[in-house]
Amino acid sequence: MEKARLCFITGGVRSGKSSFAERKALEYALQMDGNLHYLACGRVSDAEMGERILRHRKDRESSPIAWKTSEYATDITRIGADIDQDSIILLDCLTTLLDNELFGPGLPLEEEFLNSVFSKIITGINEIRKQSNCLIVVSNELVQEPIFQDDFLHIYGKTLGLLHQTIVGLADEAYLVEAGIPLRKKGGMQE
């Protein structure tokens, strides 16, 4: 079975990447006659995160095509029961997924554990692609920030960077969003 189209969207915090990803998903759904699924990896950790989650839900409610939301902070392959070959899936976001997987059981500074988390995330992405029409992965560009004073932050940044490189290598298209402006870095939708 052919794998689904893969689109990777990254950018800084509050860059507009999630809004762009939602517009992109709607564009794909209209072009491919697909249904929309939002794979939320975030957890309400504080009032600000709660407000962001509510804002994203409200944005999706105004969509001309209804979204189905699945909330999986870890083990993203669990969405498999809810999707089919017509599904356009927006995974928001890879950074949060990595956080959740790293802060689960295991020792985040051990190489074997890091390798298993990396493999679990990439395998999850590939499994979702086998079952759907299109997968859009949203992430944050954290490695541009000076976060490497701490061992854990250094390893986190390195792991996130490797995930980005691997996913972009698999992707049909990739975008960097800065100040609300998407910059195409790879590929693009066939017109």
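Residues numbered from 1 in each chain as written. Predicted model: local features only at pLDDT ≥ 70, side-chain atom pairs only at ≥ 80, totals over all residues. Heavy atoms only, no water.

Brief notes about the overall build of the protein
- Looking only at helices and strands, the protein features five helices and seven strands.
- Its helices and strands in sequence order give the protein the pattern β-α-β-α-β-β-α-α-β-α-β-β, from N to C terminus.
- Element-wise, carbon and sulfur atoms account for 51% of the exposed surface of the protein, whose accessible area totals about 9,800 Å². (Helix = DSSP H or I, 4+ residues; strand = E, 2+ residues; numbered from the N terminus. Areas by Shrake-Rupley, 256 points an atom, 1.4 Å probe, with all protein chains shown as cover.)

Quick notes on the UniProt feature "active site" (unreviewed entry) in the protein
- The sites that UniProt annotates as "active site" (unreviewed entry) are His56.
- For histidine 56, the location among the structural elements is in helix H2 (residues 47-61).
- Among all residues touching histidine 56, those that are not within four sequence positions of it are Ser18, Glu22 and Tyr38. (UniProt positions renumbered as here; feature names shortened; annotations may be inferred. Contact = heavy atoms within 4.5 Å.)

Regarding the sheet that holds strand E3 (residues 67-71)
- Taken together, seven strands build an open sheet; the order of strands is E3-E2-E4-E5-E1-E6-E7 and the sheet is mixed. Since the sheet does not close on itself, it has two edges, and those belong to E3 and strand E7 (181-187), each with one partner. Looking at each pair of strands side by side, their axes are set apart by 20° on average, direction ignored.
- Direction of pairing for strand E2 (residues 35-40) relative to strand E4 (residues 87-92): parallel, over a ladder of six bridges. Bridging across to E4, asparagine 35 finds its partner in serine 87.
- Packing against the sheet, helix H3 (residues 94-102) makes contact with strand E1 (5-11), E4 and strand E5 (134-140), and its axis sits at approximately 75° to E5. (Pairing = 2+ DSSP bridges. Axes fitted to C-alpha atoms, helices over the stretch in contact; angles between N-to-C directions.)

Focus on the packing of helix H4 (residues 111-131) against helix H5 (residues 151-170)
- Look at H4 against H5: their axes get within 11 Å of each other, and the N-to-C directions meet at 30°. Taken together, the axes of H4 and H5 are roughly parallel relative to one another. Helix-helix and strand crossings are classified by hand; for H4 and H5 the assignment is right-handed. For the pair H4 and H5, contact is made by Leu114, Phe118, Ile121, Ile122, Ile125, Asn126 and Arg129 and by Ile155, Thr159, Leu162, Leu163, Thr166, Ile167 and Leu170, respectively.
- Its residues placed into classes, the contact of H4 with H5 shows ten nonpolar, three polar and one charged. (Parallel < 35°, antiparallel > 145°, perpendicular 65-115°, else oblique. Left-handed = near helix turned anticlockwise from the far one by under 90°. Nonpolar A, V, L, I, M, F, W, Y, C, P; charged D, E, K, R; others polar.)

Examining unusual backbone geometry
- The linkage connecting aspartate 92 with the following residue, cysteine 93, adopts the cis geometry, with an omega of 0°.
- Considering the arrangement of structural elements, one finds cysteine 93 in the loop between E4 and H3.
- Notably, aspartate 33 is not glycine yet its phi reads approximately 50°, a positive angle.
- Residue placement: aspartate 33 occurs in the loop between helix H1 (17-32) and E2.
- Given the relative accessible area of 66%, aspartate 33 is considered exposed.
- Positive phi is not limited to glycine here, since alanine 179 has a value of about 50°.
- With respect to the helices and strands, alanine 179 occurs in the loop between strand E6 (173-178) and E7.
- Alanine 179 sits in the exposed class, given a relative accessible area of 75%. (Buried < 20%, exposed > 50% of the residue type's maximum accessible area, 1.4 Å probe, protein only.)

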